[in-house]
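What the coordinates show
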Amino acid sequence: MDIEKIRKDFPVLSRMVRDRPLVYLDNAATTQKPAAVIEAITGLYRNYNANVHRGVYLLAEECTQAYEDSREAVRRFINAGSTEEIVFTRNATEALNLIAYTWAEANLRAGDEIVVTIMEHHSNYVPWFRLARRKGAVIRIVPARKDGELDMDAYRSLLSSRTKLVGIAHMSNVFGTINPVKEMIALAHRQGAAVVVDGAQSAPHIRIDMQDLDCDFFALSGHKMLGPTGIGVLYAKSSYFKSMEPFLSGGEMILRVTLDDIVYNDLPWKFEAGTPNYEGAIGLKAAIEYLEALGMDTIEAYERELTTYALEKMRTVPDIFVYGPSDPSKKCGIVAFNIRGVHSHDIGTILDSEGIAIRAGHHCAQPLMIDCGVSAMARASFYFYNTRQEIDMLVKALNKAKGMFGHVA
Amino acid sequence: MDIEKIRKDFPVLSRMVRDRPLVYLDNAATTQKPAAVIEAITGLYRNYNANVHRGVYLLAEECTQAYEDSREAVRRFINAGSTEEIVFTRNATEALNLIAYTWAEANLRAGDEIVVTIMEHHSNYVPWFRLARRKGAVIRIVPARKDGELDMDAYRSLLSSRTKLVGIAHMSNVFGTINPVKEMIALAHRQGAAVVVDGAQSAPHIRIDMQDLDCDFFALSGHKMLGPTGIGVLYAKSSYFKSMEPFLSGGEMILRVTLDDIVYNDLPWKFEAGTPNYEGAIGLKAAIEYLEALGMDTIEAYERELTTYALEKMRTVPDIFVYGPSDPSKKCGIVAFNIRGVHSHDIGTILDSEGIAIRAGHHCAQPLMIDCGVSAMARASFYFYNTRQEIDMLVKALNKAKGMFGHVA
Amino acid sequence: MSLEELFKEIIIEHYQHPKNHGHLDHPDAKSEGSNPLCGDELQMEIAFEGDRIKDVMFSGNGCSISQSAASLMTEAIKGKAVGDARRIMEEYKHMLQGSTYNADMLGDLEALSDVKKFPARVKCASLSMAVLDQALQQKK
Amino acid sequence: MSLEELFKEIIIEHYQHPKNHGHLDHPDAKSEGSNPLCGDELQMEIAFEGDRIKDVMFSGNGCSISQSAASLMTEAIKGKAVGDARRIMEEYKHMLQGSTYNADMLGDLEALSDVKKFPARVKCASLSMAVLDQALQQKK
Ligand SMILES: Cc1ncc(COP(=O)(O)O)c(C=O)c1O
Ligand SMILES: Cc1ncc(COP(=O)(O)O)c(C=O)c1O
């Protein structure tokens, strides 16, 4: 990978921040966009914008084709069996809520159990928490081991015939841990449970294969993988989608409305009410094509190398504590840490003054914060356009932060 | 208004379609975008893209500011009392469904009545239809008179103390009728009913004033008013928003999550789960600024003139039947019609071959189609960038269509 | 893209004066379908005699393409053995998809061959075939 | 934007060695608050004597700004009449908002005056004021 060439594809990376070149290390929150994605959006609005699925004129045909081509691009990217299984949503969060409001709402009963991991982002926790409250269902939490990996023995013993739903972050947005979802899915299926994989962090960084994983639901967010905001994807096995009531209702998702009756549209449109964010879908297609051109395996290998380097260098900062797996082969692209005596929010401000963007806070993963006994962490997260030099700058700035607050006894 | 100058602001309007200049008359489906909106989007992605609300670095501050400034722009545009009352959604459809899943879900009981008009778009009908089925509530339909206006006597007599919810299209997407919502709201409030105004068609064309209308909920879609796709707005009086449970759950909409409890975020963020479509919001702000610079009153006056001209000219086409009010002061920007002997779908194709984009079909308003005794209509819908010359071209093409199919006895 | 390719005289003729339009007194099979995009609606009724389609009629309303296709299609299969009707439908499908097809078998139905140049209209031309297929499946 | 403006020595000193940190044996008022963005958490406990704040202590954890502000704020109001404490809080608010303020009344709290140049940090500096305000409201 020719990183210097790649970086030129991302206009924002040449921006100066506080008189320094931007060092963007908040990729787990959202990624920057290559020119190809920006141009896909401007190309749409300059040339062929029209509402999809309903027009009998050329622009509408072109726009509908581009929108449905985007669905096919997503299908290919995650190797789903059919475009019937690809529904566009606003983001991963909406995708997860869609499951809660439809399949889970219809299928969970009082006393049923929902198994989720301690590493879940609020978006794969709060919907189940609220559902469980409504239904009288019980949430069971898979704990993490000291080394930042899931406790698989605990997972096995939590599963039972009462388990109706299992929710797993494919990759933790805090620890960076890549969880053994394939094995976890197989174990859950043995108990007859449906499995929801939150792929918001994994889809941008590692190769995703629905047919290999065999999960029942999979959610991702376009903005975390070079795409625009406002577009996400819910994959579900078509057997699930077929059995589910629609979520939102309105235009597009119906075949026929009379005053007495309503016939819903075919899959996947049954789940896409109203004018879809076709701009977002078209932008996401350009993002996927960019990722495919680089190759997901190449991206993963490069990021692993970068993470290895980061872990090594960051450990030299005095009083630093790094969370999550220390074995870089178990994680990818994310390093969460704290420095004794320097609060993560202060680290964030000090780094910002050097043009370095990282995140500080609870990372929408408060259960994990509580589990780690902290209220906040700092987090540097990488993408394939980051470099070793940037990590060197990060480490230098961390040392400066530590220096400003001195050593505490 | 200097239309030639305005047209230059819209790149797509200089496109050739089938070797002819594009004549875009499908504005009720979606509008074209001025360069200012396209540039607001590229400006974001080229300069300051970062996830909102969570960052402690400059890009995130800038992006959060731009996102919240967009909310203020919407507040100003619809004259809401506070930004607490402005929630961003994907589109009008999602906004309407949000009400159905939260306020209406919690407040409607078996036997309660929901009053909607025969002119509703499926998006302001199907959610209530499904809700009514779930709850055992009853839907009551306000009929239209022959002249395409609502039957206000019927409306009055449908309202009663059983009425819990009234849903009204501010402007019909088929007839173009501007309904007397202010009066209707006052009447509904006298019965203690909450009123949902579907402003998807009105917000782009006429001045909107929440404090004057006094409606409880108002929905609009950005893409119908120069904005990008994927962004819509739900306005609700803050007393409603305060009393409502959240809709989607996940990141952003919570203040605190522990394993036992969840504290929701303040208004309006309580209703915005997950990474919002901040790109869409920022694009919508640019759209609103464009509209404000022209002035909504100027836009309305120009479109009324255009509609008057269109009605006059289109009536000269043999065997044409125009639906909706024939008095141009009662409507704005939309002319739905059929030509005896030429199906609307064939009209659409013939016009397309001349570069003219109109819509044919049921316009997501099947109850109204049934009421009019047809399965489809053709519809030309204008925006301020359309011209009299374009209407002349439309009329010429309609005559050609009629000619191709000859006169039928 | 020329409109004359789509709206051939014979298509307009069949649209304005459809053959086999109406209802059978004693249909053995009945089916219906619609194309929600443009509101085309179509019902088919068939009377069988042994293995043959003794009579077939359609009703409904819609655009010139959907209605003329129904008229031409019913003309093409009336009196034919079910197997032969199916073969005609198969060829018709190939034609709409832009594959090679046997023109002899299609006869007047070939008037719809240029519909494939108008992607938005292919659904209109296929509706009668889909509805007919459903009706034929009711024959054991 | 200079870091030294934000992280003044006195702020780091109060962060590392906070005054009035801990709990009161018999608080008359108690309140807590948090800044979810960065995880700052703060509790305040007050003992009144007549109209005066006899003692005040805070606990919790968070960034240097939120914790030093709590330390400085408790120092500023301890022993003061409730009305005077409120006036100090009012001036402090003006300072953070970038309005004119009475420096004399603020004393050491003025060390936080440059926080306003760091918009993302203003919430950290205001937390102790918000929590204190809640506690004071418990006094009738
Ligand atoms: C009156 C009316 N309401 C609601 C909608 C739905 O808007 P959207 O598809 O953007 O959600 C439309 C547009 O199609 C409309 O015309
Ligand atoms: C693991 C994980 N799940 C879900 C989400 C939610 O994604 P979004 O905010 O795009 O809906 C995120 C991102 O914040 C995440 O990291």
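Predicted model only: the values in this text are computed from it and were never measured.

How each quantity is defined
Within each chain, residues carry numbers counting from 1 in the order of the written sequence. Throughout, the order in which chains and ligands are written sets their labels, letters from A for the former and numbers from 1 for the latter. It should be noted that, the model being predicted, local features are given only for residues of pLDDT at least 70 and side-chain atom pairs only at 80 or more, the latter also being counted only at that level, while totals for whole chains, interfaces and linings use all residues. Excluding hydrogens and water, the side-chain values take into account all heavy atoms of the structure. Note: domain ranges come from an automatic or database domain assignment. Throughout, a contact is declared for two residues whenever any of their heavy atoms are within 4.5 Å. As used here, buried area is the combined drop in accessible area, with a 1.4 Å probe, of two parts when they are placed together. Only one rule defines a salt bridge in this text: a Lys or Arg side-chain nitrogen within 4 Å of an Asp or Glu carboxyl oxygen. N or O atoms within 3.5 Å of each other form a polar contact, as long as, within protein, one can give a hydrogen and the other can take it, and as long as residues adjacent in sequence are counted only when both atoms are side-chain atoms. For helices the rule is a DSSP run of H or I covering at least 4 residues; for strands it is a run of E covering at least 2, with both sets numbered from the N terminus onward. Throughout, the term near means that a residue has one or more heavy atoms lying within 4 Å of the molecule or strand in question. Computed by Shrake-Rupley with a 1.4 Å probe, the accessible areas treat only the displayed protein chains as cover when residues are assessed. When residues are sorted by character, Ala, Val, Leu, Ile, Met, Phe, Trp, Tyr, Cys and Pro go into the nonpolar class, Asp, Glu, Lys and Arg into the charged class, and all the rest, Gly among them, into the polar class.

**Overview of the domain arrangement of chain A**
Residues and elements named next belong to chain A. Domain assignment breaks chain A into domain 1 (3-26 + 295-404) and domain 2 (48-292). Taking only C-alpha atoms into account, the centre of domain 1 sits 28 Å from that of domain 2. If you look at the interface, domain 1 gives 34 residues, while domain 2 gives 30 residues. Between domain 1 and domain 2, a total of about 2,600 Å² is buried, with carbon and sulfur atoms accounting for 62% of that surface. It is Met-296, Leu-368 and Tyr-383 in domain 1 that bury the most area against domain 2; as a group they hold 25% of the surface buried on that side. Our count for the contact surface shared by domain 1 and domain 2 stands at one salt bridge. Between Asp-297 and Arg-207 there is a salt bridge, with its nearest N and O atoms 3.0 Å apart. Here domain 1 and domain 2 share 13 residue pairs in polar contact (both at pLDDT 80 or more) between them. Breaking the side of domain 1 that touches domain 2 down by element, the ones donating at least two residues are α11 (296-314), β14 (334-339), α13 (366-372) and β17 (377-381).

**What to know about the site of ligand 2**
In the region of ligand 2, 15 residues are neighbours, and Thr-93, Asp-198, Ser-221, His-223 and Lys-224 of chain A sit closest. Near ligand 2, residues from chains A and B are present, making the site a shared one. At a separation of 2.7 Å, an oxygen atom of ligand 2 approaches a polar side-chain atom of His-223 of chain A. A distance of 2.7 Å separates an oxygen atom of ligand 2 from a polar side-chain atom of Lys-224 of chain A. When ligand 2 sits alone it has 390 Å² of accessible area, and the protein chains cover 99% of it.

**Regarding the interface of chain A and chain B**
Contact with chain A, which involves 90 residues of that partner, is made by 90 residues of chain B. Carbon and sulfur atoms make up 55% of the surface buried where chain A meets chain B, a total of about 7,600 Å² over both sides. By the criterion of area lost to chain B, the three top residues of chain A are Tyr-45, Val-56 and Arg-90 of chain A, representing 9% of everything that side buries. Across the salt bridge formed by Arg-90 of chain A and Glu-94 of chain B, the nearest N and O atoms sit 2.8 Å from each other. One can count 46 residue pairs in polar contact (both at pLDDT 80 or more) joining chain A with chain B. Per-element accounting of the side of chain A that touches chain B gives the leading share, seven residues, to helix α2 (residues 35-48) of chain A. The residue inventory of the side of chain A that touches chain B, partitioned by class, reads 40 nonpolar, 30 polar and 20 charged.

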